[in-house]
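# What the coordinates show
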Amino acid sequence: MSDKPRVAVLLTGGTIGSGGHDDLDRLDYVDLGHVLTDEEALPLYRFPDDVDVSPRRVRRIPSTAADEGFWAELRTAVLTIAREEPDVAGVVITHGTATLEETAYVLQLTLASELPVVLVGAQRPPTAVGSDAQVGLANAIRVAASPSSRGHGVLVVMDDRILSARDVLKTSNSGLDTFRARDHGALGDVDPYGGVWFYRKLLRRHTTSSRFAAQAHPVWPRVEIVPVWAGADARVVERPVADGARGLVVASLPPSMNPPAVEVAIQQAVTAGVVVVASSRAITGRVTQRHAFDERGLVGSDTLSPQQARILLSLCLAAGLGHEEIVEAFATH
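Worth saying up front: this structure is predicted, and the values here are computed from it rather than measured.

Reading guide: rules and limits
- Residues numbered from 1 in each chain as written.
- Predicted model: local features only at pLDDT ≥ 70, side-chain atom pairs only at ≥ 80, totals over all residues.
- Heavy atoms only, no water.
- Helix = DSSP H or I, 4+ residues; strand = E, 2+ residues; numbered from the N terminus.
- Buried < 20%, exposed > 50% of the residue type's maximum accessible area, 1.4 Å probe, protein only.
- Areas by Shrake-Rupley, 256 points an atom, 1.4 Å probe, with all protein chains shown as cover.
- Lys, Arg positive; Asp, Glu negative; His and termini not counted.
- Charge placed at Lys NZ, Arg CZ, Asp CG, Glu CD.
- Pairing = 2+ DSSP bridges.
- Expected span 1.5 Å × (residues − 1).
- Arc of directions from axis to C-beta.

### Description of the overall build of the chain
Counting its secondary structure elements, the chain contains 10 helices and 16 strands. Taking all 333 residues of the chain together, 54% fall into the buried category. Summed over all atoms, the accessible surface of the chain reaches about 14,200 Å², with 54% contributed by carbon and sulfur. Positive and negative side-chain charges of the chain, numbering 32 and 40 respectively, have mean locations separated by a distance of 4 Å.

### Describing the sheet that holds strand E15 (residues 275-280)
Across the sheet, 4 strands lie side by side as E13-E14-E15-E16; this open sheet has parallel pairing. Each end of this open sheet is capped by a strand with a single partner; those strands are strand E13 (223-227) and strand E16 (299-300).

### Structural notes on the environment of Ser2
Mapped onto the elements of the fold, Ser2 is located in the segment before strand E1 (6-11). C-alpha of Ser2 to C-alpha of Asp167: the two residues are 165 residues apart in sequence and 36 Å apart in space.

### Re unusual backbone geometry
With an omega of 0 degrees, the peptide bond running from Pro254 to Pro255 counts as cis. Counting through the fold element by element, Pro255 comes out in the loop between strand E14 (247-252) and helix H7 (260-271). A positive phi angle is found at Asp160, which is not glycine, with a value near 70 degrees. Tracing the chain through its elements places Asp160 in the loop between strand E7 (154-158) and strand E8 (161-164). A residue is classified by how much of its surface remains accessible, and Asp160, at 37% relative accessible area, is partly exposed. A positive phi angle, close to 40 degrees, is found at Thr207, a residue other than glycine.

### Brief notes about helix H3 (residues 68-84)
Taking 1.5 Å as the rise per residue, H3 with 17 residues should run 24 Å; its terminal C-alpha atoms sit 24 Å apart, in good agreement. Along H3, the residues that are buried comprise Phe70, Trp71, Leu74, Arg75, Ala77, Val78 and Ile81. Looking down the long axis of H3, one finds its buried residues gathered within 155 degrees of arc, a one-sided arrangement. Counted as exposed and oriented over 90 degrees from the buried face of H3: Arg83 and Glu84.

Next up, the structure:
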C-alpha cells in the first residue's frame, strides 16, 4: 500500500475538460462543444508525484447544464467516497467555471462530511497554449491532499488562490484571475513549490455544522432571481410570483433599493406569502438586515451574491423554515 495521500478526482465537464480547434483556440472551443474523453484528457495533465491520484467520471456535462439533480449526484458521490474509502485524504471536483460557484456553495451547505472537497476549473482549455488547466488541477490536488484543509468546508482553488465556497465569485469572462472572494479575501494560497498555506478560517456554518446537511434529497422549491434596473416596473416581480415562485432574491440597485413600483410589488408579494430576500447587483458590501426589512418582512442577503442567496433561500424553504429562522440562516451560514 502506498504511503502517499490519496485524492479522488471527480471529473465532470467545462473548459478544464474541453478541447479546442487547435492550440491557439482560447475562445471558439465554447461553440465547438468538444468534451474530451478521459483517454484524451488525462494525458494532458501532470499530477503531483507525492499524491496518489484516483480519477473517476461522474457525469460529462457542461456547467451550463448543472442543476439540482446534478448537485444531488455530486453530493452522493462525495458522501459515498467519505463512507466507503476511508483512506482518501480529499476529493477534487473538476467543473466548468460558469456555475462553479453555485455548485461549490450547494456542497458547502449540504455535505455532512469533513473530508476536504476542492472545486477547480479553467479559463482556457488544456489543449491551448498558456492554459491554466494543468497547474490549476495540480494545485487543487495538493490542497485536497493537505491535512490543513480539513475544517475549512468546501474550497475553490484557482489562480493559486484558496477560496471559501461561501465567498467565491466569478468576476471576469476570460481573465485567469476570475475567481475572487467577495468581501473578506482568500483563505490562503498554493506556492510555486506546491506548498499549501492557510491564513484565515471561515467562521460561518458549513458542511457538518450546516443546518441543511441532514436533508437527504431536498425538493427544491421555485426561487427566482429578480434583476432590477433604472426604470424597472412592477412586472419584474409580478411575473415570477404569477409563475408560482415561493421565493424571490431581488438583485436591487445598490445598496439594495428599488424603483417605487418595484417596492410596491415586493410588498404585495410578501403579503401573498412569498419570501423575499433583499440583495444587490453590487459586487461587494453587505446587505444588512435593516430595521425597515424587519418591519416589511424582508430578509437581507448579508454578503452573499444573488445566486448564492437563491441557493440558501431554496434550502430554507425546502426545510420549512419560518421568517425569523430564515433571517438567522442568512446571518450564520
